Amino acid sequence: MSETLTLPVLPLDDEVVLPGMVVPIELSDTEVRGAIEAARNSRGLGRGPGIRSEDNARVLLVPRIGERGLAAVGTLAVIEQVGRMPGGEPGAVLRGVSRVRIGSGTTGPGAALWVEGTVIPETGQGPRANELAKEYKSLVIATLQSRGAWQVVDMIQQLDDPSAIADRAGYASYLTAEQKLTLLDDYRARVEAANLPENVHEAAMREVDKLERTSDQSPEVGWIRTWLDTILDIPWNERTEDAYDIAGARQILDEDHTGLDDVKERIIEYLAVRKRRSDRGLGIIGGRRSGAVLALVGPPGVGKTSLGESVARAMDRKFVRVALGGVRDEAEIRGHRRTYVGALPGRIVRAIREAGTMNPVVLLDEVDKIGSDYRGDPAAALLEVLDPAQNHTFRDHYLEVDLDLSDVVFLATANVLDGIPGPLLDRMELVQLDGYTEDEKVAIGRDHLLPRQVSKAGLTAEEVTIEDDALRLIAAEYTREAGVRSLERAIARVLRKVTAKEALEPGAIPVTVSTANLRDYLGRPRFTPETKLTSSDRRTAVPGVATGLAVTGAGGDVLYIEASLADAETGASGVMLTGQLGDVMKESAQIALSYLRSHGAELELPVIGMKDRGVHVHVPAGAVPKDGPSAGVTMTTALASLLSGRPVRSDVAMTGEVSLTGRVLPIGGVKQKLLAAHRAGITTVLIPQRNEPDLDDVPAEVLAKLDVHPVSDVREVLTLALEPASTTATVAA
């Protein structure tokens, strides 16, 4: 196993030192002098068992590559002597020892740059290598003898190791720095030592053969080297061991996120299955490992992205985030063909390379916001990536070799399901994150958001306290959202004001923020529940207005539907629909009106003469597009209220599709809609009877505060939603 060293870097300009070479170095350059001094002052640091250098200090000699920075491979060198050069300048004599692959930067004494490096084992054994070494050795000896360099001839004749003979070429004046660098970064040796999968090894060796046959002046040399570097940078055989402490994993998930039980249970199930398969020796079945592909769909701010990091921590895996919002080029996923200038592998390969392991947790963020144009459809390219039946042989256009993604845990996030193509969604296991309850928001604010923002504001927990009731008021009347981003911003604003007050009036802290003084920090509430308004101020105070429930990209929401009748004298007729409604919603209004006209007598509604009067249906927030069938019962109720003169109860909200026969048909998003009703202060909700099983997904504390009525017919809706006939008002104009 290769050893890891920690060494100061000594950069070389226009020069390459190979193992076995002894060279003098001037110390006039600041970086060079700093590296030598750092090495001498920390003698022995990073020493490994594989190399003996007596007590001499060591540095890492790394060639500079033009303006691109330092090479990826350097030479470990021993400082043999420090003194004066023949001209009187300070200098040092260094002896190259071995090749070292440069890793990540680190800290060390002195002003030098310190890095971690891995010693590269020397290769070049075998009949072919011995044959080439013998031929090269005879040519060198003949050349040196013709020049009378007998001492050097004696040194060369004592060498038998092919790798040592090749390294002596570093002294050759006719070799350029680029050619010497090639000797230091030998691709054939690297490929042989990399322990690549068989098919990858064969492809890499073909490219190495091509590289050795190609002239240095050919542009193909650069393409081949870049491809080989990419292949060698991929962690083909590196995998982290999963943490099979199921209870500990659940504890980590609970510490990082409040609620979100569905996704937590799915991760725990995955880990439990992995553990059982591992115990029974079933790591690979049919060439496939046991990865997972989950789609986390929910409104903004519910913790989808941060959940990915928490999952990786719970599983003890590496985490990589791939942002897909706005991506329009298929090559971003599959990579470019190698023949293109500037070609790169796709984001999936780059994510694996960045993680340094073949089984990371990869978060595909905002997968519903992928676009497409003449450059292809990235969503179509993701089909192979996210298909558990295919991704063990994923083929990137740049690599053109199979890459096994079957051990990767993919977490795709999205705000709305409609933005994910059907075939892509079919390949993922869907987990809905429908937003937080008020109690969960208080817990998140107290346990997660407040400590984070207190630290950012430069305060301590002893200096400022926000009571739970104040957090509840912020969540209910200052933010009203499915997630907690606005809640965190409101908390940050409170703490900024506390900090500013202390700066202006020293001694103002400690501070306790309660419902009594919250307005001093945040001003008046932005959202007042309808139930807190006086009867005359409520939207449903007049007939013709009903409260509906909808699902948007920001979660569940409450919407109001208004209806009015034109006077017969105006000559207006037909139906006018406003509020930027989609085709399905317009059809719902037509169906509602047709049903009421055909059943007016049965419902005791004055529908006679309606054909001579225009009906106007409006959904406020006209700048926001709206569509879907679930507003059917709300439109029917608003029109029935308008015709009967009976207002709709202000504490009632409803959702459901309506048919021409008056049946209430099932819809989606029940959980999000009930959470929205609860946030808005609604106490009674009408849902389709066939959606009753969906109530099992609604948090118990929310159901306890709502009176939910499953209904199957419009008649039931009108009975429950309209005020009694004794309190009728005039028909809305």
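Read on for an overview of the structure.

Calculation criteria
Residues numbered from 1 in each chain as written. Predicted model: local features only at pLDDT ≥ 70, side-chain atom pairs only at ≥ 80, totals over all residues. Heavy atoms only, no water. Helix = DSSP H or I, 4+ residues; strand = E, 2+ residues; numbered from the N terminus. Contact = heavy atoms within 4.5 Å. Salt bridge = Lys/Arg side-chain N within 4 Å of Asp/Glu carboxyl O. Buried < 20%, exposed > 50% of the residue type's maximum accessible area, 1.4 Å probe, protein only. Polar contact = N/O pair within 3.5 Å; in protein donor to acceptor, adjacent residues only side chain to side chain. Pairing = 2+ DSSP bridges. Axes fitted to C-alpha atoms, helices over the stretch in contact; angles between N-to-C directions.

1. Examining the overall build of the chain
Counting its regular elements, the chain contains 24 helices and 24 strands. Intrachain contacts of the chain at a sequence separation of at least 6 include 72% that bridge at least 24 residues.

2. Side note on the pattern of salt bridges
Side chains carrying opposite charge are able to pair once their charged atoms draw close together. According to the stated counting rule, one finds 30 salt bridges in the structure shown. For Asp256, the salt bridge goes to Arg313, with nearest N and O atoms at 2.8 Å. You can see Asp256 sitting in helix α9 (residues 246-256) and its partner Arg313 sitting in helix α11 (residues 304-315), a full 57 residues away along the chain. When its relative accessible area of 27% is taken as the criterion, Asp256 is described as partly exposed. Here Glu429 ties to Arg266 by a salt bridge, and the two come within 2.7 Å at their closest N and O atoms.

3. Points about unusual backbone geometry
Following Ile509, the chain continues to Pro510 via a peptide bond in cis, the omega torsion being 10°. Mapped onto the elements, Pro510 comes out in the loop between α18 (485-504) and β15 (511-513). We note that Glu366 has phi near 60°; this positive angle belongs to a residue other than glycine. Counting through the fold element by element, Glu366 comes out in the loop between β9 (361-365) and α14 (378-385). We classify Glu366 as partly exposed; its relative accessible area is 27%.

4. A few points about the side chain of Asn415
Checked against the element boundaries, Asn415 lands in the loop between β12 (409-414) and α15 (422-426). Exposure remark for Asn415: the relative accessible area of 16% places this residue in the buried category. Among the polar contacts made by the side chain of Asn415, one reaches the side chain of Lys369 at a distance of 2.6 Å.

5. Quick notes on the sheet that holds strand β13 (residues 429-432)
An order of β8-β9-β12-β7-β13 is seen for the five strands of this open sheet, with the pairing classed as parallel. Only two strands of the sheet have a single partner each, and these edge strands are β8 (319-323) and β13. Across the sheet, the mean angle from the axis of one strand to that of its neighbour is 20°, orientation sign disregarded. Alignment of strand β7 (residues 292-297) against β13, held across four bridges, turns out to be parallel. Within β13, the residue paired with Val297 across the bridge is Gln432.

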